[in-house]
Amino acid sequence: MNVATKQIALVGAPVDEGAGQRGCVMGPDAFRTAGLAETLNALGHSVVDHGNLNPIEVERFTPPNTVLKNYREYISWTRTLYSKAAELGTTPTFPIYLGGDHAMAAGTVAGQARAAAEQGRPLFVLWLDAHSDFHTLESTDSGNLHGTPLAFVCGLPGFDDLLGTPLPHTVKPENVEILGVRSIDTAEREMLLNLGVGVSDMRRIDEEGVVPLLKPFLDRVQSENGLLHVSLDVDFLDPEIAPAVGTTVPGGATFREAHLVMEMLHDSGLVTSLDLVELNPFLDERGRTARLMVDLTGSLFGRRVFDRPTQSF
């Protein structure tokens, strides 16, 4: 078991423009109110809160697809988070990026990939999500940009506006594992298959369980001396236990399945950065989802089931 204490940086990313339903702007402060820092401190870790970031100003861009929504804001947030993640990724700090919708991962993962490359190590990504978020700017029908970050960081074409140049350090598609997915559009499915992205949908979890699916991926991260970024979307969880998300899909991970994933990640000692995304407090029930996400983060950082106080929702 990995019991090393960590220096943790909380970085608020109140990104609200990538989703179809507003409210994720309140996510970072909801995580704070739910006791994230206190939970991590109680586990013996050192926590510094960097506050909420503000997106940099950028010029106006002409979207390559007329359906794209808030394209300029997506560029602003991607550049802001890319710089912050690239900076934190080269320090001993463990960054936790508090979202915000999943569009923020375009910046956080790309920045972590740059930092990994500077250390001469590959970056692996575990994407815990009901959706694959693998649309390009051309393939999306909805225009909601939280459905595109994984395609961007894997180096698919058409995203040069985001940083003003082609992405210098991409994540190899075969170094990505999407777990718990249950909603993939046709265009995404074809790209995922062609590029060799790892995909374990909820049926595979039902049939095989979490351990046989996650362990080989973690073994490969370790064997290749990789760094591991985890991107946890609220809709990875079943909406019965986590209602505070605008993209609910029935049949998600159960309480125990989700905690088992986090406990295995903790035991591996491989995780070096984390996104917590798509928490929409406007849709929550008395903070229920925020507290569950904090609870899961506690499991990632070493808390076990028998250490967890009983909570009443």
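Only a predicted model underlies this, so the values are computations on that prediction, with no experimental measurement involved. (Residues numbered from 1 in each chain as written. Predicted model: local features only at pLDDT ≥ 70, side-chain atom pairs only at ≥ 80, totals over all residues. Heavy atoms only, no water.)

K.L.:
In this structure, what is going on with the environment of Tyr97? I would like to understand it.
P.N.:
Relative to the helices and strands, Tyr97 resides in strand E3 (residues 94–99). Taking the relative accessible area as the measure of exposure, Tyr97 reaches 0% and is therefore buried. For the pair Tyr97 and Val11, spaced 86 residues apart in the sequence, the C-alpha separation amounts to 4.9 Å. For Tyr97, the side chain forms a polar contact with the side chain of Gln112, separated by 2.7 Å. (Helix = DSSP H or I, 4+ residues; strand = E, 2+ residues; numbered from the N terminus. Buried < 20%, exposed > 50% of the residue type's maximum accessible area, 1.4 Å probe, protein only. Polar contact = N/O pair within 3.5 Å; in protein donor to acceptor, adjacent residues only side chain to side chain.)

K.L.:
Would you explain the packing of helix H8 (residues 210–223) against helix H9 (residues 255–268) in this entry?
P.N.:
Helix packing geometry: the angle between the two helix axes and the distance between the axes. Two elements in contact, H8 and H9, have axes separated by 11 Å at closest approach and are oriented at 30 degrees. In this view, H8 runs roughly parallel relative to H9, as classed from their interaxial angle. Relative to H9, H8 is oriented so that their crossing is right-handed. Each of Val210, Val211, Leu214, Lys215 and Leu218 in H8 lies in contact with H9, whose residues at this interface are Glu257, Leu260, Val261, Met264, Leu265 and Ser268. (Axes fitted to C-alpha atoms, helices over the stretch in contact; angles between N-to-C directions. Parallel < 35°, antiparallel > 145°, perpendicular 65-115°, else oblique. Left-handed = near helix turned anticlockwise from the far one by under 90°. Contact = heavy atoms within 4.5 Å.)

K.L.:
Looking at this structure, I do not really get the sheet that holds strand E8 (residues 271–277). What am I missing?
P.N.:
Strand pairs in the sheet, formed through backbone hydrogen bonds, run parallel or antiparallel to each other. In spatial order, the strands read E2-E1-E3-E8-E7-E4-E5-E6; together these eight strands make up an open sheet with parallel pairing. Taken across any chain shown, the strands that pair with only one partner, and hence form the sheet edges, are strand E2 (46–52) and strand E6 (198–201). With strand direction ignored, the average angle separating the axes of adjacent strands in the sheet is 15 degrees. Pairing of E3 with E8 involves three bridges; the strand directions are parallel. Bridging across to E8, Ile96 finds its partner in Leu274. Its contacts with the sheet put helix H3 (residues 71–88) on strand E1 (7–13), E2 and E3, and the angle it makes with E1 is roughly 175 degrees. Relative to strand E4 (residues 123–128), helix H4 (residues 105–118) is tilted by about 155 degrees, and along the sheet it contacts E3, E4, strand E7 (227–233) and E8. (Pairing = 2+ DSSP bridges.)

K.L.:
Sorry if this is basic, but what is going on with the pairing of E3 here?
P.N.:
On a regular strand, each side chain points to the face opposite its neighbour's, so the side chains alternate between the two faces of the sheet. For E3, a buried count of six out of six residues is recorded, marking the element as mostly surrounded by other parts of the structure. Relative to E3, E1 runs parallel, the two sharing six bridges. Among the inter-strand pairings, Gly12 is bridged to a residue of E3, identified as Leu98.

K.L.:
I tried to follow H8 on my own but got confused; where do I start?
P.N.:
Between its first and last C-alpha, H8 extends 20 Å over 14 residues, near the 20 Å set by a 1.5 Å rise per residue. Of all the residues in H8, the buried ones are Val210, Leu213, Leu214, Phe217, Leu218 and Val221. The arc that holds the buried residues of H8, viewed along the axis, is 115 degrees, so those residues lie on one side. Residues of H8 that are exposed and point more than 90 degrees away from the buried face comprise Gln222 and Ser223. Buried residues belonging to H8 abut E4, strand E5 (176–181), E6, helix H7 (202–208), E7 and H9. (Expected span 1.5 Å × (residues − 1). Arc of directions from axis to C-beta.)

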